[in-house]
Protein chains: 2
Amino acid sequence: ADPAALAAARAHQDSLTKPRGALGVLEEVAVRLAGAAAVSPPPLPAPAALAIFAADHGVHAQGVSPWPQEVTVQMVGNFLAGGAVVNAFAAQVGASVTVVDVGVAADLHPSPGLTVSKVAYGTADLSRGPAMTAGQVVAALEAGIAVARELVGQGARCLITGDMGIANTTASAALICAFTGQDAAGVTGRGTGIDDETLTRKVETVRRALRVNGLDGGAENGSADAPERTSAASPAAPEREQASAAGRAVPPLETLAAVGGLEHAAIAGFILGGAALRVPVILDGVIAGSAALAAAALAPDVVDHCVAGHRSAEPGHRAALEHLDLRPLVELELRLGEGTGGLLAHPLVCAAVRVMHEVATFDSAGVTDKEA
Amino acid sequence: ADPAALAAARAHQDSLTKPRGALGVLEEVAVRLAGAAAVSPPPLPAPAALAIFAADHGVHAQGVSPWPQEVTVQMVGNFLAGGAVVNAFAAQVGASVTVVDVGVAADLHPSPGLTVSKVAYGTADLSRGPAMTAGQVVAALEAGIAVARELVGQGARCLITGDMGIANTTASAALICAFTGQDAAGVTGRGTGIDDETLTRKVETVRRALRVNGLDGGAENGSADAPERTSAASPAAPEREQASAAGRAVPPLETLAAVGGLEHAAIAGFILGGAALRVPVILDGVIAGSAALAAAALAPDVVDHCVAGHRSAEPGHRAALEHLDLRPLVELELRLGEGTGGLLAHPLVCAAVRVMHEVATFDSAGVTDKEA
């Protein structure tokens, strides 16, 4: 973040006709975006473009979701037909919707609003080995970067993350464990609605995924059931190494390949792309939060460009946001995904920035300031 | 609330292409509004109209605010010139702004967007006796009802409360004590920014106001410093009686007259008017919350039509919302008033209702439902 822009934004906030600090969290959002854009006031974050990254998950075979896998492709059809909640919310806030197939387990019919960047027909089962190869994770990241570049090229001045993928909260929980060092039981939730028995199985699946992929930071590192990690991910780019719970360093791209999903990788790329273009990225729920952990591990400064749109009901989301030091704007117990929570935050982010462009100062409005 | 519409709205929510309950608090908002409107889905709550009720307060003389009283009229000028935060937020969400002078301590120049319904040049000092006469409180209520009727007549399908009045959080704290039985220390806050010494004085002022006006439910009832209440408020309409902390019944209109402000009374009327016209009313912060306590004491069913836009940083607001059993949609530590928190909630309320109009069902979209 640019220190001069941060300082200018804070001083500007204090000159406006309102008690200092009276806009609470929104003042900090506006100041942060000024720092990220390196200009005060920061540009208005509109128009907004939502990208819904869709993919399937091999771990679905472990019975971690009560929804059949084909619901992923059915919901993609629903998005493209305009019949989903995300479409209603996007219409409400005036955001465009782009659906990106990065790994749906079926071929999709071409359709306006659909970008096909399919890397694979779903991931491998992360509880039995790496979900993605090194090539796949890089391809998915690059797909996300390309979507960010295209949307900004078309005029978007705010990007919003969205996702669709039955069983993708399982991958998110595993990523959150790997990047924050939290235990699976604390961050694995009921997703879109599972019973106690399924939750127990889901927690065990996350634990097994971490162990099998050598991400649990424990003694199992190098044990028989840990696959040869270098075969799964050998990214060319230099990476910061991720300290696991026990202090063992695992490169972030390797972690993402091991227990992520193709949509998680694409969203990480989307965040990296938005940040590189200095456009704010509003994060949706736990899928985006876990993807942002990967993006931040690759390039910590991207977090400056991120706004946490909401906090979902998933317990892992809290851990992810705390690790990223982001405060969510909306907390309404949503647990839908799709980008719905990110969309709801967009008017709030716009309002925060608009204040810096439009509100009069004490001097200009002839309003008496508070007695010192 | 209409039981058939509530049931229909719940059933409709459960048929939509999303996991049941996945929209959290927003599902409940949409269902409540269906019950209030007696139709499912409920009408879209747009366009929205914000009314900012402005008035001054005799209790300002007690040193409860660091802001000079003339800031009320200066900020009214700022609203009318479009330079305040509330104008920026209203532009963001597409709401109209009407400023209503119900009691500013100065004559205002006529201006587009200004409605003059001045009842008095500010209230009397509530810490020395009743803030308003019975005639004044009724006139202010009627002014609020008239504004609601006029805005709905002009096409508004959602009303948002706003306020301006230096020292008005002192009146709100006193109202909240009187209507909820809470102690002054727990509900009196720093308003738009006061130091410890001023806060202590403000708490003492609220305590004195309750005692002087016979609203503390204690032994002071009928003591020398309690004025003759019947001279302060003799409403013609039959009222439910308000049980104070000690169980003594004080009619709600009398309570409002004793320790309220002219804008509190007008907002109570605005809520009553909106509810009578079956239009949702989004409540802003602690001023609206305390006014809603008065409205609810007069007619409990009005709460069905109210949505708590946000929860402010003022401690009394939490007590008011809990008493009303309303959950706020936005919690961003705002402490500005004007209607800013109510405006930010408007897109969320629209999104909640829009889902019921636009989202496909599992059947219509051909999406497989969750396994039972």
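Check the entry above for the structure.
Within every chain, residues take consecutive numbers counted from 1 along the sequence as written. Each chain gets a letter, beginning with A, and each ligand a number, beginning with 1, in the order they are written. Reporting of local features is limited, given that this is a predicted model, to residues whose pLDDT is at least 70; pairs of side-chain atoms are given and counted only at 80 or more, and all residues count toward the totals for whole chains, interfaces and linings. No hydrogens and no water enter the side-chain calculation; it runs on all heavy atoms of the structure.

K.L.:
How should I be thinking about the environment of Leu334 of chain A in this particular structure?
P.N.:
Strands here mean DSSP runs of E at least two residues long; helices mean DSSP runs of H or I at least four residues long; both are numbered from the N terminus. Considering the arrangement of structural elements, one finds Leu334 of chain A in the loop between α13 (315-324) and α14 (340-358). Along the chain, Leu334 of chain A and Gly285 of chain A lie 49 residues apart, while their C-alpha atoms are 8.6 Å from each other. Only heavy atoms matter for contacts: two residues are in contact if any of them lie within 4.5 Å across the pair. Once residues lying within four places of it in the same chain are set aside, the contact partners of Leu334 of chain A are His310, Ser312, Ala313, Thr340, Gly341 and Leu344 of chain A together with Ala22, Leu23, Gly24 and Leu26 of chain B.

K.L.:
Whenever I open this one, the relation of the copies chain B and chain A confuses me. Can you help?
P.N.:
Both copies of the chain are related by one operation, a rotation about an axis with a shift along it. In screw terms, the move from chain B to chain A is a rotation of 180° and a rise of 0.0 Å along the axis, fitting with an RMSD of 0.0 Å. Expressed as an axis order, the relation between the two copies is that of a two-fold axis. The C-alpha atom lying nearest the rotation axis in chain B is that of Val330 of chain B; the distance is 3.3 Å. When the interface residues of chain B are mapped onto chain A, 100% of them are again interface residues, pointing to one common binding face. For the least-squares superposition of copies, only C-alpha atoms count, and only for residues with pLDDT at least 70 in both.

K.L.:
In this structure, what is going on with the packing of helix α5 (residues 134-153) of chain A against helix α10 (residues 252-259) of chain A? I would like to understand it.
P.N.:
Residues and elements named next belong to chain A. Angles run from 0 to 180 degrees between N-to-C directions of axes, and those axes are lines fitted to C-alpha atoms, restricted for helices to the stretch in contact. Where α5 contacts α10, the two axes come as close as 9 Å, and the packing angle between them is 100°. In terms of orientation, α5 and α10 fall into the roughly perpendicular class. Residue-level contacts link Val137, Val138 and Leu141 of α5 to Leu253, Leu256 and Ala257 of α10. Lys, Arg, Asp and Glu make up the charged group, whereas Ala, Val, Leu, Ile, Met, Phe, Trp, Tyr, Cys and Pro make up the nonpolar group; the residues left over, Gly among them, are polar. In terms of residue class, the contact of α5 with α10 is built from six nonpolar, no polar and no charged. What sets the label is the angle itself: under 35 degrees gives roughly parallel, over 145 gives roughly antiparallel, 65 to 115 gives roughly perpendicular, and the rest give oblique.

K.L.:
Quick question: what am I supposed to make of the packing of aromatic side chains here?
P.N.:
How two aromatic rings sit relative to each other is given by the distance of their centres and the angle of their planes. In this analysis, rings of Phe, Tyr and Trp, with Trp reduced to its six-membered ring, are considered paired at centre separations within 6.5 Å, and the interplanar angle assigns stacked below 30 degrees, edge-to-face beyond 60, and tilted for intermediate values. Scanning the model with the defined rule gives four aromatic pairs over all chains in all. Judged by centre distance (6.0 Å) and plane angle (25°), the ring pair of Trp67 of chain A and Phe362 of chain B falls under stacked. One end of the pair, Trp67 of chain A, is in the loop between β1 (48-55) and α3 (71-81); the other, Phe362 of chain B, is in helix α15 (residues 362-365), on a second chain. Phe362 of chain B shares its class with Trp67 of chain A; the two are buried. Here Phe53 of chain B and Phe270 of chain B contribute two aromatic rings whose centre-to-centre distance is 5.2 Å and whose plane-to-plane angle is 65°, an arrangement assigned as edge-to-face. One end of the pair, Phe53 of chain B, is in strand β1 (residues 48-55); the other, Phe270 of chain B, is in helix α11 (residues 262-276), with 217 residues separating them in the sequence. Each of the two residues, Phe53 of chain B as well as Phe270 of chain B, counts as buried. Each residue's exposure class comes from its accessible area (1.4 Å probe, protein chains only) as a fraction of the maximum for that residue type: buried when under 20%, exposed when over 50%, partly exposed otherwise.

K.L.:
Is there a simple way to think about the sheet that holds strand β4 (residues 158-164) of chain B in this case?
P.N.:
Two orientations exist for strands paired in a sheet by backbone hydrogen bonds: parallel and antiparallel. All names here are of chain B. One open sheet holds the six strands; their spatial order is β3-β2-β1-β4-β7-β8, and the pairing between them is parallel. At either end of the open sheet lies a strand with only one pairing partner, and these are β3 (114-116) and β8 (306-308). Sheet twist, expressed as the mean angle between neighbouring strand axes with direction ignored, is 25°. Should DSSP find at least two bridges between two strands, the strands are regarded as paired. Across seven bridges, β1 lies against strand β2 (residues 96-103) in parallel orientation. Bridge pairing in β2 links Phe53 to Val100. Strands in contact with helix α3 (residues 71-81) are β1, β2, β3 and β4; relative to β4, the strand with the most contacts, it is inclined by about 140°. The strands touched by helix α5 (residues 134-153) within the sheet are β1, β2 and β4, with β1 carrying the most contacts at an inclination of about 155°.

K.L.:
What should I look at first to understand the nonpolar core in this one?
P.N.:
One broad trend across soluble globular proteins is that nonpolar side chains are buried collectively. Among the nonpolar cores identified, the biggest contains 114 residues, and Leu329 of chain A together with Leu329 of chain B are the most heavily contacted of them. If we ignore the near neighbours within four places in the chain, the residues touching Leu329 of chain A are Val25, Val29, Val307, Ala308, Gly309, His310, Ala345, Leu348 and Val349 of chain A together with Leu332 of chain B. Here, nonpolar core refers to any group of buried Ala, Val, Leu, Ile, Met, Phe, Trp, Tyr and Cys residues whose side-chain atoms link them within 4.5 Å.

K.L.:
Got a minute to help me understand the pairing of β1 of chain B in this structure?
P.N.:
For a regular strand, the rule is simple: side chains alternate between the two faces of the sheet. Residue and element names in this part refer to chain B. Counting buried residues in β1 gives eight out of eight residues, a clear majority hidden from the surface. The side-chain alternation of β1 yields two buried faces, one formed by Ala48, Leu50, Ile52 and Ala54 and the other by Ala49, Ala51, Phe53 and Ala55. Note that β1 and β4 share seven bridges and pair parallel. Bridge pairing links Ile52 to Gly162 in β4.

K.L.:
Quick question: what am I supposed to make of the interface of chain B and chain A here?
P.N.:
Note on interface size: it is often stated as the accessible area lost on association of the parts. In this complex, chain B contributes 55 residues to the contact, which on the side of chain A involves 55 residues. The term buried area means the drop in 1.4 Å probe accessible area that two parts suffer when joined, counted for both and summed. Considering only the surface of chain B that becomes buried against chain A, Trp67, Gln92 and Leu332 of chain B emerge as the three largest contributors, covering 13% of it. Put simply, a salt bridge is a Lys or Arg side-chain nitrogen that is within 4 Å of an Asp or Glu carboxyl oxygen. Where chain B meets chain A, there are two salt bridges. Note that Arg327 of chain B is salt-bridged to Glu333 of chain A, the shortest N-O span being 2.6 Å. Each polar contact in these results corresponds to two N or O atoms within 3.5 Å; when the atoms are within protein, one needs to be able to donate a hydrogen and the other to accept it, and residues that are neighboring in sequence are counted only if both atoms are side-chain atoms. At the junction of chain B with chain A, the criterion picks out 18 residue pairs in polar contact (both at pLDDT 80 or more). For the side of chain B that touches chain A, the secondary structure elements donating two or more residues are α2 (25-37), α3, α4 (85-93), α14 (340-358) and α15 of chain B. Here the side of chain B that touches chain A gets eight residues from one element, more than from any other, and that element is α14 of chain B. Among the residues making up the side of chain B that touches chain A, the classes are represented as 31 nonpolar, twelve polar and twelve charged.

K.L.:
Is there a simple way to explain the pattern of salt bridges in this structure?
P.N.:
Applying the stated rule across the entire model yields 20 salt bridges over all chains. For Arg207 of chain A, the salt bridge is made with Asp183 of chain A, and the minimal N-O distance between the two is 2.9 Å. Of this pair, Arg207 of chain A sits in helix α8 (residues 196-212) while Asp183 of chain A sits in the loop between α6 (168-180) and α7 (184-187), and the two are 24 residues apart along the sequence. Residue Asp183 of chain A is classed as partly exposed on the basis of its relative accessible area of 41%. Residue Arg20 of chain B pairs with Asp369 of chain B through a salt bridge whose shortest N-O separation is 2.9 Å. Of this pair, Arg20 of chain B sits in the loop between α1 (3-15) and α2 while Asp369 of chain B sits in the segment after α15, placing them 349 residues apart in sequence. Bridged by salt links that share partners, the residues Asp183, Glu204 and Arg207 of chain A form one connected network.

Keep in mind these numbers describe shape, not what the thing actually does.
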